[in-house]
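Residues per chain are reported as follows:
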Amino acid sequence: MFAATETAGLEEIDGKSDEKPIHLDGTTREMFELFLEHTFGRVRAGQYSIEELSNFLHFCDMYQCSHTRKFVVSRIHSTRFHFHPAQLINLAIQYNTGAIFPFAFKQLVDTPITQLTAQHRELIGNDVFTTLVYVQAALEEHRRIVAAEEPKILMHTSDCQDPVACNEDWHAIWWNGMARFLLDGRNPQPYREAVKRFKDLQFGRVSGGCKELMLKIIEHGAAFSHANQFVDEACTRLAEKLIFDTSL
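The structure displayed is predicted, hence computed values, not measured ones.

Definitions and limits used
- Residues numbered from 1 in each chain as written.
- Predicted model: local features only at pLDDT ≥ 70, side-chain atom pairs only at ≥ 80, totals over all residues.
- Heavy atoms only, no water.
- Helix = DSSP H or I, 4+ residues; strand = E, 2+ residues; numbered from the N terminus.
- Buried < 20%, exposed > 50% of the residue type's maximum accessible area, 1.4 Å probe, protein only.
- Contact = heavy atoms within 4.5 Å.
- Areas by Shrake-Rupley, 256 points an atom, 1.4 Å probe, with all protein chains shown as cover.
- Polar contact = N/O pair within 3.5 Å; in protein donor to acceptor, adjacent residues only side chain to side chain.
- Salt bridge = Lys/Arg side-chain N within 4 Å of Asp/Glu carboxyl O.
- Expected span 1.5 Å × (residues − 1).
- Axes fitted to C-alpha atoms, helices over the stretch in contact; angles between N-to-C directions.
- Parallel < 35°, antiparallel > 145°, perpendicular 65-115°, else oblique.
- Left-handed = near helix turned anticlockwise from the far one by under 90°.
- Nonpolar A, V, L, I, M, F, W, Y, C, P; charged D, E, K, R; others polar.
- Arc of directions from axis to C-beta.

1. Remarks on the overall build of the chain
Link 1 in the chain: Along its length, the chain carries 11 helices and 0 strands.
Link 2 in the chain: Listing the helices and strands of the chain from first to last along the sequence gives α-α-α-α-α-α-α-α-α-α-α.
Link 3 in the chain: Out of the 248 residues in the chain, the part that is buried amounts to 37%.
Link 4 in the chain: Considering only contacts in the chain between residues 6 or more positions apart, those separated by 24 or more positions represent 61%.
Link 5 in the chain: Surface exposure of the chain reaches about 15,400 Å², of which carbon and sulfur atoms provide 53%.

2. Quick word on the side chain of R69
Link 1 in the chain: Looking at the element boundaries, R69 is found in helix 4 (residues 66-78).
Link 2 in the chain: Among the polar contacts made by the side chain of R69, one reaches the side chain of T97 at a distance of 3.4 Å.

3. A few points about the pattern of salt bridges
Link 1 in the chain: Evaluation of the coordinates by the stated rule reveals 9 salt bridges.
Link 2 in the chain: D232 is the partner of K106 in a salt bridge, and the nearest nitrogen-oxygen pair spans 2.8 Å. Of this pair, K106 sits in helix 6 (residues 101-109) while D232 sits in helix 11 (residues 222-242), and the two are 126 residues apart along the sequence.
Link 3 in the chain: R144 is the partner of E140 in a salt bridge, and the nearest nitrogen-oxygen pair spans 3.7 Å.

4. Brief notes about helix 4
Side chains three or four residues apart in an α-helix point the same way, a direct result of the helix having 3.6 residues per turn.
Link 1 in the chain: The end-to-end C-alpha distance of helix 4, which contains 13 residues, comes to 18 Å, matching closely the 18 Å that a straight helix rising 1.5 Å per residue would cover.
Link 2 in the chain: Along helix 4, the residues that are buried comprise T68, R69, F71, V72, V73, R75 and I76.

5. Some details on the packing of helix 7 (residues 118-148) against helix 8 (residues 163-183)
Link 1 in the chain: Interaxial distance between helix 7 and helix 8 falls to 8 Å at its minimum, and their mutual angle equals 165°. Between helix 7 and helix 8, the interaxial angle falls into the category roughly antiparallel. The interaxial crossing formed by helix 7 with helix 8 has right-handed handedness. Residues R143, R144, V146, A147 and A148 of helix 7 touch helix 8, and the partners they reach there are W174, W175, A179, L182 and L183.
Link 2 in the chain: Here the contact of helix 7 with helix 8 is composed, by residue class, of 8 nonpolar, no polar and 2 charged.

6. Considering the environment of I93
Link 1 in the chain: Inspection of the secondary structure puts I93 in helix 5 (residues 85-94).
Link 2 in the chain: By relative accessible area, I93 is classed as partly exposed at 26%.
Link 3 in the chain: Residue contacts for I93: discarding those within four places in its chain leaves F101, I124, V128, L242 and I243.

7. So, helix 9 (residues 191-198)
Link 1 in the chain: Within the span of helix 9, buried status applies to Y191, A194, V195 and F198. All buried residues of helix 9 lie within an arc of 100° about the axis, which places them on one face of the element. Exposed and oriented more than 90 degrees from the buried face of helix 9 are R192 and K196.
Link 2 in the chain: Looking at the buried side of helix 9, the elements it contacts are helix 7, helix 8, helix 10 (208-220) and helix 11.

8. Considerations on the packing of helix 6 against helix 7
Link 1 in the chain: In contact at an axis separation of 10 Å, helix 6 and helix 7 are set at 55° when each is read in the N-to-C sense. Considered as vectors, helix 6 and helix 7 are oriented oblique to each other. The hand of the helix 6/helix 7 crossing is right-handed. For the pair helix 6 and helix 7, the contacting residues are F105, L108 and V109 in the first and I124, V128, T131, L132, V135, Q136 and L139 in the second.
Link 2 in the chain: Taken together, the residues of the contact of helix 6 with helix 7 break down into 8 nonpolar, 2 polar and no charged.

The following block contains the structure:
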């Protein structure tokens, strides 16, 4: 091809020499070197920055490199704890990457609103931020309900000698234990950790059988699982609205 060009007296084309390289419009040198690192097996041992991963995804989308794109997404997923969830959500939406959206959104739900900067809000966009505010408000209300309303002992076990005293102490232990763990103003505990700490308390006049029965009910997590289901549903609806193909 190059020889034919010379014979015909045509202008030297891109790619024949270092002085006449092939130009890839919209692609930076750093972006292309990332592609070469993966293509020729020279994957770095260290961590990619969020900017490099973003450029990498941009390159893959521009040139339809689906195999390389899967590699980039896997690297993002394997190092997801190194990035702020707002950064991951921005990548997921901007580059149509549904695989990292659920983790990022759930991490964001666990992040207090007061810790989100104006830059974080800009990264996630109005739809995600509005949903986040409503989800956190609903979860806080649910947390207060769980803390204030202990599961009732509907039927006492055979070893329970004083059902009235058993109920009274169960109520007191729940309020002074579980409620305190969940609503601690300085260090509120997630449900799983609150249950773990609650089991280590002294249960007073609650009989051994009643205690064992109620702890099984709590561990089953009927009340606690509602919060996770709510977050999952909110996340799914957002992904369907903002990401074209959630399977990527």
